[in-house]
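Reading the structure
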Amino acid sequence: MAVRPKDTWYVSFEDKFLRPRKRAFARATETFRSEFEAKEFARKKLADNQSVSAGTLNPHQPKRVISSAQLIVWLEEP
């Protein structure tokens, strides 16, 4: 994952195409400049996969971590 200088949000998801043979699962991460972009991407990934999480990258403040269980609520926030 190459972090671009202005990116402040990430979305992490289980990627079926990255599954190595010796591991149970593999995750991929995309970074975004805005929360809106991260939410749009998370919506698309959630349609394919239940294991999606998101949050802010360091050193962005306030720090936010959105677990898979909290994702639906976060997507409905304005």
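See the structure above.
Notes on the structure follow. (Residues numbered from 1 in each chain as written. Predicted model: local features only at pLDDT ≥ 70, side-chain atom pairs only at ≥ 80, totals over all residues. Heavy atoms only, no water.)

**Brief notes about the pairing of strand β1 (residues 9-14)**
Of all six residues making up β1, six are buried, and the element is well covered by its neighbours. Bridging between β1 and strand β2 (residues 27-32) involves six bridges; their strand directions are antiparallel. Across the sheet, valine 11 pairs through a bridge with glutamate 30, a residue of β2. As defined by bridge partners, β1 adjoins strand β3 (residues 52-56) across five bridges and the pair is classed as antiparallel. When the bridges of β3 are listed, tryptophan 9 appears paired with threonine 56. (Buried < 20%, exposed > 50% of the residue type's maximum accessible area, 1.4 Å probe, protein only. Helix = DSSP H or I, 4+ residues; strand = E, 2+ residues; numbered from the N terminus. Pairing = 2+ DSSP bridges.)

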